[in-house]
Amino acid sequence: MPAALTYPGVYVEEIPSGVRSITGVATSITAFAGRALRGPTDADGPVVVNSYADFERIFGGLWVHSPMTYAVRDFFLNGGAQAIIVRLFAPANDGDQVDAEIELAAGAGTHLLTARSPGTWGNRLRARVDHDTRDHLPGEQADSLFNLYVRDDATGLVEEFRNVSIQESHARRFDKVLAADSTLVRGEKPAATAERPDAHDDADATDPLWGDNGTNTKVTNAAVDDGTVLTRAELTSGAGPKAAKRGPYALAHADLLN
């Protein structure tokens, strides 16, 4: 505001000029590209992690076949604050089963759940279904709701998805819910004539929950490998990886790294 002129002298009045100062940017964001036990691949784009705990949760932590995992650990041990990870994955042999699958019985048919990312980590997934849902609302198909639980035996993580549906127009159609909220599996869109998955047995003293029994369904089609080592030439030669933004070129999707 203008200075109050009470006596003769020199007065300075600062007026906003509209010129903005240059905003500083982070100087400690490091990118890592390499193999990992699990997690999104270069086809999905880079993933930002803010701690080694984040890296362990998403990519599985240290792995003897991946120097990158040790480099990420050392980065955070030495004060790193944020890293961008690109997981590289290629099957050891063409045609290999790389995504573990669970088939849930549903009347005369099945519903397929697929591990969210390739690798043998998915072979330790299990799924459970029960029908202890809320009452149906107007407009909902009868017997279309169910509760779905997915467990990762390696970590003990259990994801719960209650009152999901097989109804095509339903807001909580199970494949859409899994796509948005699950870190473990994704589901196929149910056919218009599909039935909801059959309920599993209740747990008891003889058959504990998540045991090798009727309380859940284990992986039915196992992933056979964790991918193979990729050479520099495979990652960088030719127009393929660059045009598809695969391998290290996936970092083109990253906002900032230095």
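This text follows the structure it describes.
Attention in this report is confined to the structure presented alongside it. (Residues numbered from 1 in each chain as written. Predicted model: local features only at pLDDT ≥ 70, side-chain atom pairs only at ≥ 80, totals over all residues. Heavy atoms only, no water.)

Side note on the nonpolar core
Leu113, Leu125 and Leu148 are the most contacted members of the largest nonpolar core, which totals 21 residues. Going through the elements one at a time, strand S4 (101–106), strand S5 (109–115), strand S6 (125–130), strand S7 (145–152), strand S8 (158–165) and helix H3 (174–181) are the ones with two or more residues in this core. Discounting chain neighbours no more than four positions away, the residues touching leucine 113 are Ala100, Glu101, Ile102, Leu104, Ala127, Leu148, Phe174, Leu178, Val185, Arg186 and Gly187. In terms of nonpolar packing, the next biggest core, distinct from the first, is built from 14 residues, Ala36, Phe55, Ala83 and Ile85 among them. (Core = buried A, V, L, I, M, F, W, Y, C linked by side-chain atoms within 4.5 Å. Buried < 20%, exposed > 50% of the residue type's maximum accessible area, 1.4 Å probe, protein only. Helix = DSSP H or I, 4+ residues; strand = E, 2+ residues; numbered from the N terminus. Contact = heavy atoms within 4.5 Å.)

Brief notes about the packing of aromatic side chains
Taken as a whole, this structure holds five aromatic pairs when the rule is applied. Judged by centre distance (5.1 Å) and plane angle (75 degrees), the rings of phenylalanine 75 and phenylalanine 76 are edge-to-face. The pair phenylalanine 75 / phenylalanine 76 is uniform in exposure class, with both members buried. Put simply, the rings of Phe32, Phe75 and Phe76 pair up and form one aromatic cluster. (Phe/Tyr/Trp six-rings, centres within 6.5 Å; stacked < 30°, edge-to-face > 60°.)

So, unusual backbone geometry
Of note, the phi angle at aspartate 143 is positive, near 55 degrees, even though the residue is not glycine. The topology assignment puts aspartate 143 in the loop between S6 and S7. Positive phi values are uncommon outside glycine, yet tryptophan 210 reaches one of about 70 degrees. Assignment of secondary structure puts tryptophan 210 in the loop between strand S9 (185–187) and strand S10 (217–218). A relative accessible area of 14% means that tryptophan 210 is categorised as buried.

Focus: the pattern of salt bridges
Across all of its chains, the model carries 14 salt bridges by this definition. With a shortest N-O distance of 3.5 Å, arginine 186 and aspartate 99 are connected by a salt bridge. Taken together, the residues arginine 186 in strand S9 and aspartate 99 in the loop between strand S3 (82–87) and S4 connect sequence positions 87 residues apart. Residues lysine 218 and aspartate 212 are paired through a salt bridge, measuring 3.6 Å at the closest nitrogen-oxygen approach. For aspartate 212, a relative accessible area of 62% gives the class exposed. (Salt bridge = Lys/Arg side-chain N within 4 Å of Asp/Glu carboxyl O.)

What to know about the sheet that holds S3
Taken in spatial order, the three strands line up as S1-S3-S2 in an open sheet, and their pairing is mixed. The sheet is open, and its two borders are formed by strand S1 (29–34) and strand S2 (47–49), each paired with just one other strand. Strand-to-strand, the axes of this sheet are offset by a mean angle of 25 degrees, without reference to chain direction. Of the strand pairs in this sheet, S1 and S3 are connected by six bridges, and their pairing is parallel. Note that in S3 the partner of phenylalanine 32 across the bridge is isoleucine 85. Contacts from helix H1 (residues 52–59) reach S2 and S3 within the one sheet, and its direction differs from that of S2 by about 140 degrees. (Pairing = 2+ DSSP bridges. Axes fitted to C-alpha atoms, helices over the stretch in contact; angles between N-to-C directions.)

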